[in-house]
Amino acid sequence: MQVPQRVEVVVVGAGLAGLSAATRLAAAGCDVHVLEASAAAGGRLATQRVDGFVVDRGFQVLNTGYPRVADLDVPALRMGWFWPGALLRTDEGTSRVADPRRRPQAAWDTVRAPLGSLPRKAAIGAFSARAGYWPVDRLLRAPETTAGQALLAAGVGSTAVERFFRPFLAGVLLEPELATSSRYLDLLWRSFVRGDIGLPAEGMQAVGQQLADQLPAERLHHGVRVSALGEDGQVHTDRGTVRADAVVVATDPDTAARLVPGLEASAPRQVTTHLHVLPASPWPSPLLVLGRPGGQLVNTVVLTDAQPAYSPDGRALVASSTLAPTRPEDVREEIARAHGVSPADLDHLTSVTVLGAQPAATVPLQLRRPVDLGEGLFVCGDHRDTPSIQGAMASGARTARAVLRRLRPRPDLLALQGRPAGDGPDGSDTLGAAARSGRP
């Protein structure tokens, strides 16, 4: 498809941030075109088929506790859901920990789990209630420390930190030291308290594709690589130069920093995920199995327990993640022990190492970094908000409003865009009230 020489808005990158911006601008009547280097929309939410199995680019999930999930048609994604909780493996055996509000059948197991004394377990409940239901502006006014320090200050105890919080959060934050900002921990834990976690039937790329489908086909140009940005809205590509009144850079952080000299954007976190196939799942319920202290695994999970559509023939698909680059043979024994199966039962399917998997959210937490760089240049991505699907989509929405303020400074159009939940003017509800649509 021919790339036009003159448009109103160019969005560089068809990830969640760029698509969130582009769909809003198109709905407001802008002549917006998206240039994407790859053959598919979705950015880091990429999915492929391997021997008939659905394989995402690393272990990723959709959290309905993110407010911007309200932008999606969740039922159309045909979600499969995990239980809210995890399985712990200790020398004493396996323990099931689950949110008793939503899984009351696991309440007694949760009470008995080896996470410390009853007062320590009560502190876990109090921490969850605080994060889940205090006003967000109150959470953000709390003194900022690291996530690890905040958990200990909350009284959950070192046993719960080492056996539950550290491996669980390491799989989300992609850092095991719990050096992430306590404020981001509060916002993140709020989404877990309020939301459900699941997988689309067609894989995580379906999330980005659903946004892309909201754009006219002729507005999304795949296989177009942007090499540089010039003056007066020039976008230089391998298919020629496009001139625009506004340019939105919505790429990965490294590419954004290359295209916009002086921009502070990076994604230092990485993860390696090994996919194995088992004849059948060893578990009766869809729960994440946490890695043990001292091991290489952060977590491992039978994806098909939550989303059977990931398998072409009923066999179980297992995803196991490490934060350091590993080979399948490095962790085969550990994966087998975690699931209580023989290593010989694990049939290796593929492994995926994702460099630049996400930005860091260390102290001090910087919410809502500027997206309007002046002179018609804008930037969006989770490096502008929080390192999450929510952060990417919220920054795209925020960028669309900034572009409209420049190009269409009319009160009626600004009112049309509105300020949906999760995009408060001070950033206080970046992970605010939960989106309830599509939950089981």
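Residues numbered from 1 in each chain as written. Predicted model: local features only at pLDDT ≥ 70, side-chain atom pairs only at ≥ 80, totals over all residues. Heavy atoms only, no water.

- For the protein chain, an unreviewed UniProt entry supplies the name FAD-dependent oxidoreductase and the organism Goekera deserti.

**Remarks on the UniProt feature "domain: Amine oxidase" (unreviewed entry) in the protein chain**
- UniProt records the feature "domain: Amine oxidase" (unreviewed entry) for residues 16-404 in the present numbering.
- Segment residues 16-404 splits into 32% helix and 24% strand. End C-alpha atoms: 19 Å apart. (UniProt positions renumbered as here; feature names shortened; annotations may be inferred. Helix = DSSP H or I, 4+ residues; strand = E, 2+ residues; numbered from the N terminus.)

**Considering the sheet that holds strand 9 (residues 197-199)**
- Sheet architecture is open: three strands sit in the order 5-9-6, paired in antiparallel fashion. Either end of the sheet is taken by a strand with one partner, and the two such strands are strand 5 (62-63) and strand 6 (80-81).
- Direction of pairing for strand 5 relative to strand 9: antiparallel, over a ladder of two bridges. Across the sheet, asparagine 63 pairs through a bridge with isoleucine 197, a residue of strand 9. (Pairing = 2+ DSSP bridges.)

**A word on the environment of phenylalanine 82**
- Looking at where phenylalanine 82 falls in the secondary structure, it is placed in the loop between strand 6 and strand 7 (85-90).
- Between the C-alpha atoms of phenylalanine 82 and leucine 288, which are 206 residues apart in sequence, the distance is 8.0 Å.

**Some details on empty space enclosed by the protein**
- Counted under the stated rule, the structure contains one cavity of 30 Å³ or more.
- The space that makes up the largest cavity amounts to roughly 60 Å³.
- Taken together, Val54, Val55, Asp56, Gly58, Phe59, Gln60, Leu199, Thr273, Leu275, Leu303 and Ala319 make up the lining of the largest cavity.
- The set of elements that each furnish at least two residues to the lining of the largest cavity consists of strand 4 (53-56) and strand 14 (269-278).
- Counting residues per element, the lining of the largest cavity draws most heavily on strand 4, which supplies three residues. (1 Å grid on protein atoms, 1.4 Å probe; cavity = no way out; pocket = protein on both sides within 12 Å on 5 of 7 lines; lining within 4 Å. Points joined across faces, edges and corners; volume = space filled by probe spheres on them.)

**Details of the sheet that holds strand 7**
- As summarised here, the arrangement of the seven strands in space is 8-7-15-16-17-14-18, forming an open sheet in which the pairing is mixed. In this open sheet, the two edge strands, each paired with only one partner strand, are strand 8 (93-98) and strand 18 (347-358). With direction set aside, neighbouring strand axes in the sheet form an average angle of 25°.
- In this sheet, strand 8 lies alongside strand 7 in antiparallel orientation, the contact comprising six bridges. Following the sheet pairing, arginine 89 is matched in strand 8 by threonine 94. (Axes fitted to C-alpha atoms, helices over the stretch in contact; angles between N-to-C directions.)

**Things to note about the confidence of the model for the protein chain**
- Scored by pLDDT, the protein chain comes out at a mean of 93, with 93% of its residues at no less than 70.
- Between residues 417-440, whose pLDDT stays under 50, and residues either more than four places distant or in other chains, the model counts 76 contacts. (pLDDT = per-residue confidence, 0-100. Contact = heavy atoms within 4.5 Å.)

**What about the packing of aromatic side chains?**
- Taken as a whole and assessed by the stated rule, the structure comprises 10 aromatic pairs.
- One cation-aromatic arrangement involves arginine 130 over tryptophan 134; the distance from NZ or CZ to the ring centre is 5.0 Å.
- The ring of tryptophan 134 carries the charged tip of arginine 138 above its face, separated from the ring centre by 3.6 Å. (Phe/Tyr/Trp six-rings, centres within 6.5 Å; stacked < 30°, edge-to-face > 60°. Lys NZ or Arg CZ within 6 Å of the ring centre and 35° of its normal.)

**Structural notes on the nonpolar core**
- Core analysis: the biggest nonpolar cluster contains 89 residues, and Phe165, Leu169 and Trp189 have the highest contact counts within it.
- Composition of this core by domain shows at least three residues from each of domain 1 (6-45 + 203-267 + 362-407) and domain 2 (115-195).
- Every residue in contact with tryptophan 189, bar those within four places of it in the chain, is listed here: Phe127, Ser128, Ala131, Phe164, Phe165, Phe168 and Leu169.
- Grouped together as the second largest cluster of nonpolar side chains are 18 residues, Val7, Val12, Val260 and Val379 included. (Core = buried A, V, L, I, M, F, W, Y, C linked by side-chain atoms within 4.5 Å. Buried < 20%, exposed > 50% of the residue type's maximum accessible area, 1.4 Å probe, protein only. Domains from an automatic or database assignment.)

**Regarding the domain arrangement of the protein chain**
- Domain boundaries assigned for the protein chain yield domain 1 (6-45 + 203-267 + 362-407) and domain 2 (115-195).
- Taking only C-alpha atoms into account, the centre of domain 1 sits 32 Å from that of domain 2.
- Across the boundary between the two partners, domain 1 contributes eight residues, which contact 10 residues of domain 2.
- Of the roughly 610 Å² buried between domain 1 and domain 2, counting both surfaces, carbon and sulfur atoms make up 75%.
- Among the residues of domain 1 in contact with domain 2, Thr362, Val363 and Leu365 are the three that bury the most area, contributing 64% of the side total.
- For the pair domain 1 and domain 2, the number of links is one residue pair in polar contact (both at pLDDT 80 or more).
- Here the side of domain 1 that touches domain 2 is built from residues that sort into five nonpolar, three polar and no charged. (Buried area = accessible area lost by both parts, 1.4 Å probe. Polar contact = N/O pair within 3.5 Å; in protein donor to acceptor, adjacent residues only side chain to side chain. Nonpolar A, V, L, I, M, F, W, Y, C, P; charged D, E, K, R; others polar.)

**Things to note about the pattern of salt bridges**
- Overall, the coordinates contain 22 salt bridges when judged by the stated rule.
- The shortest N-O distance in the salt bridge between arginine 408 and glutamate 8 comes to 2.8 Å. Taken together, the positions of arginine 408 in the loop between helix 12 (389-407) and helix 13 (411-417) and glutamate 8 in strand 1 (residues 6-12) put the pair 400 residues apart, joining distant regions of the chain. Taken individually, arginine 408 and glutamate 8 each receive the classification buried, so the pair is uniform in this respect.
- Note that arginine 112 is salt-bridged to aspartate 109, the shortest N-O span being 3.5 Å. Here the residue arginine 112 and the residue aspartate 109 both occupy positions in helix 2 (residues 107-112), the gap between them amounting to three residues, near one helical turn.
- In this structure aspartate 109 comes out as partly exposed when scored by relative accessible area, which is 22%.
- Where salt bridges share partners, they join Asp99, Arg101, Arg102 and Asp196 into one cluster. (Salt bridge = Lys/Arg side-chain N within 4 Å of Asp/Glu carboxyl O.)

**Details of the side chain of serine 395**
- Along the chain, serine 395 turns up in helix 12.
- You can call serine 395 buried: its relative accessible area is 0%.
- One polar contact links the side chain of serine 395 to the main-chain amide nitrogen of glycine 381, over a distance of 2.8 Å.
- Not counting the four nearest positions on each side in its chain, serine 395 is found in contact with Ala17, Cys380, Gly381, Asp382, Arg384 and Asp385.

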